Every structure is written in structure tokens, then in C-alpha cells.
Amino acid sequence: VDNRVQGDSANKETLPHEWALVSNQIFLGMLGSSVRPSKDIEFIIETLTDAGVRFVYFSPRNMRRTKELASQMGIDVAWNCAISLRPLDEGQDDPHRMTSTYADWDVNARLPHGVEDVKRHLEEVDNVPLLVSLFTDVTEETTSQMVDVFQEYNETVIAVGLCHLSRNDGTFAAADISIGVDFLNEELNQDYNEEHSIGILQA
């Protein structure tokens, strides 16, 4: 695409200031990247389900990013599918919640937001927070706290995550059984380390 200004439009006074940055430049292309799950993960989750073990995915990403990745893993992302563990002040809106007018987890379900809200929901409403397969906006602390919540309701928790990430230590220590995956290699960069998540298996 040749974006050189032609004809009468070449009058500099009528052009935005930003145009000077791209004047006489040619757009060649665009590169994008994404985090994709292992090709075997969907089969693994199905096998665990058949064995009576429920897979729960804890992600540091927000709801919008997590639901896309979870759908690629074969995890249900429809009704009552996810809870954010990032607490909100009373009356505060979450800009990352998925809002729509049809079958939306936030609009229709009004699921809790944050660990303390989850505890209140379990005591006063129902056990839905124990049944969802996605927790978003998690930290090392909130993941460990949710493991404690599962155990308080007589769930057996198996934690699976990268063993070389120190932030997984608290979750491994809190779980009934822990499995550390050694995936460290020279090509594993810091960005991947910062974004990688942990899975919790409940039996």
C-alpha cells in the first residue's frame, strides 16, 4: 500500500500531525502471536473426567484471555464457567468481565469475585464455586487459598504445575498431592514464565 499523499490533499495544514510519521512509508505486513495449549491437553482432560477426576484451570490472565485459551483446551466456557479471584470493592465494575445479553456468566449468574466472596457464596447461596472449571486473575496466594477452600468442603486436591517456578510452591504445599512438571529448557523465555498457569485436579 503506497500511502503517499496525492493531489490537493497534500496541503500540510489539512493533515493530522501523526501523518508525518507514516508519510511515504509502505506497509509490508503484520505479525501476531498467541499462547496455545498442548495438543494433548483436551484428551488428557477427557480421560481425567472419565476417571472421575475434575480438571480446574487457574490462570493469571483476565477473563477475556482465559476463556479463549480454555475453549481451545476443551473446557466448558458457557454457563457458570468461571470465577475471577481478583477482589472488587463494593459497587466496582470489572472491565474484563464478559458482558452480553445472552447466556453470560456475569450478567445472568452473578458469580462471586475474589476468595472471600467465594466463601460467602458457599455459605449463603450454593456450591457453584466448587463446580466451575476456570479461575481467572489468580495469584500464588489466592490459588493456595482456593485449595484450602476445596479441602474445607472435603475435596481431594491434586496440583499440577511447573516445578521450577517458585510461585507454585505454596500451591504444591497446600494440595493433598502435587505433581511438578519439569519443562525448563533454553528456549523457555521470561514472558512464558510470567504467564504460565497451574491446573488443579479434584477427585
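Above: the structure in question.
What counts and how
Residues numbered from 1 in each chain as written. Predicted model: local features only at pLDDT ≥ 70, side-chain atom pairs only at ≥ 80, totals over all residues. Heavy atoms only, no water. Patch = residues over 30% accessible without salt bridge, like charges linked within 9 Å, V, L, I, M, F, W, Y side chains within 5 Å. Areas by Shrake-Rupley, 256 points an atom, 1.4 Å probe, with all protein chains shown as cover. Salt bridge = Lys/Arg side-chain N within 4 Å of Asp/Glu carboxyl O. Lys, Arg positive; Asp, Glu negative; His and termini not counted. Charge placed at Lys NZ, Arg CZ, Asp CG, Glu CD. Helix = DSSP H or I, 4+ residues; strand = E, 2+ residues; numbered from the N terminus. Axes fitted to C-alpha atoms, helices over the stretch in contact; angles between N-to-C directions. Parallel < 35°, antiparallel > 145°, perpendicular 65-115°, else oblique. Left-handed = near helix turned anticlockwise from the far one by under 90°. Contact = heavy atoms within 4.5 Å. Nonpolar A, V, L, I, M, F, W, Y, C, P; charged D, E, K, R; others polar. Core = buried A, V, L, I, M, F, W, Y, C linked by side-chain atoms within 4.5 Å. Buried < 20%, exposed > 50% of the residue type's maximum accessible area, 1.4 Å probe, protein only. Phe/Tyr/Trp six-rings, centres within 6.5 Å; stacked < 30°, edge-to-face > 60°.

Digging into a negative patch on the surface
Then, number 1: Among the surface-exposed residues, Glu123, Glu124, Asp148 and Glu152 lie close enough to one another that they form a single negatively charged patch.
Then, number 2: Those elements that provide at least two residues to the negative patch are helix H5 (115–124) and helix H6 (140–152).
Then, number 3: When you line up the elements, Glu152 lands in helix H6.

Digging into the packing of H5 against H6
Then, number 1: Orientation of H5 relative to H6, taken along the N-to-C sense of each, is 15°, at an axis distance of 10 Å. One element, H5, and the other, H6, form an angle in the roughly parallel class. For the pair H5 and H6, the crossing hand works out as right-handed. Between H5 and H6, the residues in contact are Val115, Val118, Lys119 and Leu122 and Thr142, Gln145, Met146 and Val149, respectively.
Then, number 2: Of the residues that constitute the contact of H5 with H6, the class distribution is five nonpolar, two polar and one charged.

Concerning the pattern of salt bridges
Then, number 1: As enumerated under the stated definition, the model contains two salt bridges in all.
Then, number 2: Between Asp117 and Arg120 there is a salt bridge; the shortest N-O distance is 3.6 Å. Taken as a pair, Asp117 and Arg120 lie in helix H5 at a separation of three residues, close to a single helical turn.

Looking at the nonpolar core
Then, number 1: In terms of nonpolar packing, the biggest core is built from 22 residues, with Phe58, Ile83, Leu85, Phe135, Met146 and Phe150 touching the most fellow members.
Then, number 2: Counting residues per element, the ones that place at least two in this core are strand S1 (54–58), H5, H6, strand S4 (157–162) and helix H7 (169–174).
Then, number 3: The greatest single-element share of this core, amounting to four residues, is contributed by H6.
Then, number 4: Apart from residues lying up to four places away in sequence, Phe135 is in contact with Val56, Tyr57, Phe58, Ser59, Ile83, Leu85, Pro129, Met146 and Phe150.
Then, number 5: By size, the runner-up hydrophobic cluster in this structure holds 14 residues, among which are Ile41, Val53, Tyr57 and Leu69.

A few points about the packing of aromatic side chains
Then, number 1: Applying the stated criterion across every chain yields a total of two aromatic pairs.
Then, number 2: With 4.8 Å between their ring centres and 15° between their planes, Phe58 and Phe135 make a pair best called stacked. A residue pair is termed long-range when its members are at least 10 positions apart, and Phe58 in strand S1 and Phe135 in strand S3 (residues 134–136) qualify at 77 residues.
Then, number 3: Taken together, a centroid distance of 6.1 Å and an interplanar angle of 80° make the contact between Phe135 and Phe150 edge-to-face. With Phe135 in strand S3 and Phe150 in helix H6, this pair connects stretches of sequence that are 15 residues apart.
Then, number 4: Residue Phe135 is classed as buried on the basis of its relative accessible area, which comes to 0%.
Then, number 5: Its relative accessible area of 0% is what places Phe150 among the buried residues.
Then, number 6: Among the aromatic side chains, those forming a connected cluster through ring pairs are Phe58, Phe135 and Phe150.

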